[in-house]
Amino acid sequence: MTHRKLLFSVLALLGSCFAVAQEPIKPSNVSDSGISAKARSIHDSALIVDTHADTPQRFLDENFDIGSTDPNDIGHISLDKARRGNLGAEFFSIWVYPETNQGHFAQRTFDLIDSVYEQAARHPDRMMMAFSVADIERAHKEHKLAALMGIEGGHSIENDIRLLRDYYRLGVRYMTLSWSNTNEWADSSGDINDPKVQHHNGLTAFGKQVVVEMNRLGMMVDISHVSDRTFWDAIATTKAPLIASHSSSRLLSNHPRNMTDDMLRAVAKNGGVVDVNFYSGFLDENYRKASEEIRKEAGEAVDAYIQRQKTEGKPVPYTEIDRIEREWAAKIPRPPLSSLIDNIDHIAKVAGVDHVGLGSDFDGVAGATPEGMNSAADLPKITQALVDRGYSAGDIHKILGGNLLRAFREVERVSQEMQAESTSPTAK
């Protein structure tokens, strides 16, 4: 869940905690300082997969070029930063803000998808579109960033299963069943306590149909953002492993976006993966409480700006919202990097080391990440921290991407099996 999305959800009275951003951060220039030869060797030999980055908003609204070498760019993702961090595959988030896109969710979805393709077309020597585990592995061998896509919020399908199929054909390989808004078929954690919102007690019959169709297509079911009841319905319905593309531990930060230990164990039993979100408010309880204390004032500041723009008939630029967020961010100190590692470690202990991965939420938290995690270039620091905690090279490779690839491969297998069954003579 992106930081700016959290702000938007406050403005929409969805009841989610306001996630403040941080003061402007200078771009990271990661060197080998602080990274041991052992950690460097482990990191450089891994195929690293991150399951959530909101950079498409920048592609579309700022005309940001992922090939940018601007030393003043404070974004988390660029091709240079990805290369320095040995990031091999990125799932770019296709997120449509419901409040400002009423009546044209699909159009915005298509535009964001197109923006990812355009970036890959600009940099064919360093980046390629990927649609399968095999594609990710091929990109890795060719030393290119594998670009994948995940839709964040089931409202993008506009209650039409045919749109879901269209998105799959265009390359979308996961969909978050809800964003912070409850849609017509899946309850969200973002507004679950709002009496003005009509809820469904989890997934509706159509929502369960969506999950099964995702299984058939080979699209991973993502349960980040959903309500607890929706989570359990999805677990009971899916025929393939599911993922939490960007969620952390509720025990360590008591936010409804995070997962309880019972949920972690259920994902493990399902064969899925929990990809840890790097947003400080989902990692650190003290940070979460501090952000809640200023939520109302910060929300009002952004709301006043948005209303002023609307009154004057002007658009609401992404860059201005980001600027306001960062101003408020300066009021809260960033937690240490250990808060991120604590979440990885806890999930590995509860769910098992085969069921935890990375779901950074890069470019979606406006800098509100722990100390030292300023961009994709800083990913080696995670490997060093895991080495320091006694994790083996094999287990670190699993956390950095191997677990996600294993789950994705099983999703592909289930899809092939379901499609074969549907076309067999006995199925007719």
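For the structure, check the block above.
Here is a short report on the structure shown in this document. Source: prediction; values computed, not measured. (Residues numbered from 1 in each chain as written. Predicted model: local features only at pLDDT ≥ 70, side-chain atom pairs only at ≥ 80, totals over all residues. Heavy atoms only, no water.)

Applying the stated criterion across every chain yields a total of 13 aromatic pairs. Relative to W232, the ring of F231 has its centre 4.9 Å away and its plane inclined at 80°; by these criteria the two rings are edge-to-face. Given a relative accessible area of 1%, F231 falls into the buried group. For the cation-ring pair, R173 lies above Y168, with the distance from its terminal atom to the ring centre recorded as 3.7 Å. A cation over an aromatic ring shows up here: K331 above the ring of W328, its NZ or CZ 4.9 Å from the ring centre. (Phe/Tyr/Trp six-rings, centres within 6.5 Å; stacked < 30°, edge-to-face > 60°. Buried < 20%, exposed > 50% of the residue type's maximum accessible area, 1.4 Å probe, protein only. Lys NZ or Arg CZ within 6 Å of the ring centre and 35° of its normal.)

Glancing now at the packing of helix α16 (residues 380-388) against helix α17 (residues 393-423). Orientation of α16 relative to α17, taken along the N-to-C sense of each, is 145°, at an axis distance of 10 Å. Our pair here, α16 against α17, has a crossing hand that is right-handed. For the pair α16 and α17, the contacting residues are T383, L386 and V387 in the first and I396, I399 and L400 in the second. Looking at the contact of α16 with α17 residue by residue, the class counts come to five nonpolar, one polar and no charged. (Axes fitted to C-alpha atoms, helices over the stretch in contact; angles between N-to-C directions. Helix = DSSP H or I, 4+ residues; strand = E, 2+ residues; numbered from the N terminus. Left-handed = near helix turned anticlockwise from the far one by under 90°. Contact = heavy atoms within 4.5 Å. Nonpolar A, V, L, I, M, F, W, Y, C, P; charged D, E, K, R; others polar.)

For the rest of this paragraph, the subject is the environment of H225. Position of H225 among the secondary structure elements: in the loop between β6 (220-222) and α9 (228-237). On the basis of relative accessible area, H225 is assigned to the buried category, the value being 1%. In this structure, the C-alpha to C-alpha distance between H225 and A244, residues 19 residues apart in sequence, is 8.6 Å. A polar side-chain atom of H225 sits 3.3 Å from a polar atom in the side chain of R257. (Polar contact = N/O pair within 3.5 Å; in protein donor to acceptor, adjacent residues only side chain to side chain.)

This part covers the pattern of salt bridges. For the structure shown, the criterion picks out 31 salt bridges. One salt bridge in this structure joins D61 and R108, with 3.0 Å as the shortest N-O distance. Of this pair, D61 sits in helix α3 (residues 55-61) while R108 sits in helix α5 (residues 105-122), placing them 47 residues apart in sequence. For R108, a relative accessible area of 16% translates into the label buried. Taking the shortest distance from any N to any O, the salt bridge between E371 and R334 comes out at 4.0 Å. Separated by 37 residues along the polypeptide, E371 in the loop between β9 (356-358) and α16 and R334 in the loop between α14 (318-329) and α15 (338-350) bring together distant segments of the chain. Given a relative accessible area of 42%, E371 falls into the partly exposed group. Accessibility expressed as a relative area gives 14% for R334, which makes it buried. Each member of the salt-bridge network shares a partner with another, and the members are R58, E62, D73 and K81. (Salt bridge = Lys/Arg side-chain N within 4 Å of Asp/Glu carboxyl O.)

Moving on to the side chain of S360. Looking at the secondary structure, you find S360 in the loop between β9 and α16. Classification of S360 by relative accessible area gives buried; the value is 0%. At 3.0 Å, the side chain of S360 and the backbone nitrogen of F362 are in polar contact. Once residues within four sequence positions are removed from consideration, S360 is found in contact with D50, H52, V276, N277, F278 and Y279.

Here strand β4 (residues 145-152) lies mainly inside the structure; eight of its eight residues are buried. One ladder, built from seven bridges, connects strand β2 (residues 87-95) with β4; its direction is parallel. The partner of F91 across the bridge, within β4, is L148. Sheet analysis places strand β3 (residues 127-129) next to β4, joined by three bridges and oriented parallel. The residue of β4 that forms the bridge with M128 is A146. Tracing the backbone out of β3, into helix α6 (residues 133-141) and back to the parallel element β4 gives a crossover that is right-handed. Of the pairings in the sheet, the one linking β4 to strand β5 (residues 172-176) comprises four bridges and is parallel in character. Along β5, the bridge assignment pairs G150 with Y174. (Pairing = 2+ DSSP bridges. Right-handed = clockwise from strand over helix to strand, strands pointing away.)

What follows deals with α17. Residues spaced three or four apart along an α-helix face the same direction, because each turn holds 3.6 residues. Between its first and last C-alpha, α17 extends 43 Å over 31 residues, near the 45 Å set by a 1.5 Å rise per residue. At I399, α17 shows its maximal bend, which comes to roughly 65°. (Expected span 1.5 Å × (residues − 1). Bend = angle between axes of the 7 residues up to and from the residue.)

By the secondary structure assignment, R250 is in the loop between β7 (243-244) and α10 (261-270). Accessibility expressed as a relative area gives 16% for R250, which makes it buried. Counting along the chain gives 35 residues from R250 to E285, while the straight-line C-alpha distance between them is 9.2 Å. A polar atom in the side chain of R250 sits 3.4 Å from the backbone oxygen of P256.

This part is about empty space enclosed by the protein. Unoccupied space between atoms shows up once a probe the size of one water molecule is rolled over them. Applying the stated rule across the entire model yields two cavities of 30 Å³ or more. Quantified by volume, the largest cavity comes out at close to 60 Å³. Around the largest cavity sit 14 residues that line it, and I223, V226, R257, N258 and M263 are the ones nearest its centre. Grouping the constituent residues of the lining of the largest cavity by class yields six nonpolar, five polar and three charged. (1 Å grid on protein atoms, 1.4 Å probe; cavity = no way out; pocket = protein on both sides within 12 Å on 5 of 7 lines; lining within 4 Å. Points joined across faces, edges and corners; volume = space filled by probe spheres on them.)

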